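Here is how the chains run, residue by residue.
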Amino acid sequence: MSAKDCGNHGYYCRERKFYRHFCRCIVFLLFIGGLSVLFVWLFLRPTKPTFSLQSLSVLNLMLSNTYQSYNLTVLSATLQLTIFTSNPNSHIGIYYDHLHTVASYRNQQITSSTTLPDAYLTSGDSVIWAPYVSNPSSGVILAPSLGHALAQDQAAGILLLHVVVMGRLRWKVGTWVSGGYHLHVSCPAYLSTGSNGGVFRFMEMPGCTVDI
C-alpha cells in the first residue's frame, strides 16, 4: 500500500502498524525469557539425583515345578525394600511423577510393579520409600535356563537381584518447571545366606545407576 493509500486509509494503516509492533514485542519478550532460562540452566548445571537401596528383606522366595511337563519353573517372591533418594542441586528442585518399582533377576522382571508416591525435592532434600514388591498369587513363570540358574544360586546361598525404579522427572528453577524426562534407576542387591545357610541377608552395594 502506497503512502497515498495510507493517507486515504489512515486508521487501517495505524492498526496494521500497531499489531506489527505488538507481535514484535511479544516475540522479543519470548526470546529474552527463553534466553534467560537457558543462561540460568547452563549456569546452574543440574545434576542427576542420587539413589541408593538401603535394605532388602526377602519375605518369600519359592520355586516350584508347576509346569514340569513344559520344563518351566514358577517363582513366588515377596520383598520389602527401602529406597533412598536425594537432590544434590543447590538451586534446582526435582519433581518425581508416576514412579513405580520392580525387582529383576538376570534382566527378567520377577515381581509386579509397585507404585511409589509422587514427591518434590527442594535443594538438598531427600525422601525414603519402603514399598513391598511381589508377584501375583499364581507366581511368575521363568524360562527353563533362568529357573535353573535361580535354583542353583538359591542352593549356593548367593543371589544378585536388581531393584528398578522407573517414572518421570521434572526440574524446577525458580518458578519455571521443565517438561517431563524419563527416569530409569537400577540398584544392585547382593543377597547371601552365609556359611550357615538360613534366610537371605542383604549386603548394601555402592550406588545405583541413574539414567535420564
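Residues numbered from 1 in each chain as written. Predicted model: local features only at pLDDT ≥ 70, side-chain atom pairs only at ≥ 80, totals over all residues. Heavy atoms only, no water.

Caption draft 1: Representation of the packing of aromatic side chains within the structure. Evaluation of the coordinates by the stated rule reveals three aromatic pairs. Seen in terms of ring centroids, F51 and Y96 are 5.8 Å apart; in terms of plane orientation they differ by 65°. Their pairing is edge-to-face. Pair noted here: F51 is in strand β1 (residues 50-67) and Y96 is in strand β3 (residues 93-105), with a separation of 45 residues, a long-range link. An identical accessibility class is assigned to F51 and Y96; each is buried. With a centroid separation of 5.9 Å and an interplanar angle of 65°, the aromatic rings of Y96 and W129 are classed as edge-to-face. Of this pair, Y96 sits in strand β3 while W129 sits in strand β7 (residues 126-129), placing them 33 residues apart in sequence. (Phe/Tyr/Trp six-rings, centres within 6.5 Å; stacked < 30°, edge-to-face > 60°. Helix = DSSP H or I, 4+ residues; strand = E, 2+ residues; numbered from the N terminus. Buried < 20%, exposed > 50% of the residue type's maximum accessible area, 1.4 Å probe, protein only.)

Caption draft 2: Region of the structure containing the pattern of salt bridges. Under the defined criterion, the tally for this structure stands at two salt bridges. Where D97 meets R170, a salt bridge forms, and the shortest distance between an N and an O atom there is 2.7 Å. Note that D97 is positioned in strand β3 and R170 in strand β10 (residues 158-173), a separation of 73 residues in sequence. For D97, a relative accessible area of 13% corresponds to the buried category. Owing to a relative accessible area of 26%, R170 belongs among the partly exposed residues under this scheme. The partner of D153 in a salt bridge is R106, with the nearest N and O atoms 3.9 Å apart. With D153 in helix α3 (residues 144-156) and R106 in the loop between β3 and β4 (108-109), this residue pair connects regions lying 47 residues apart in the sequence. (Salt bridge = Lys/Arg side-chain N within 4 Å of Asp/Glu carboxyl O.)

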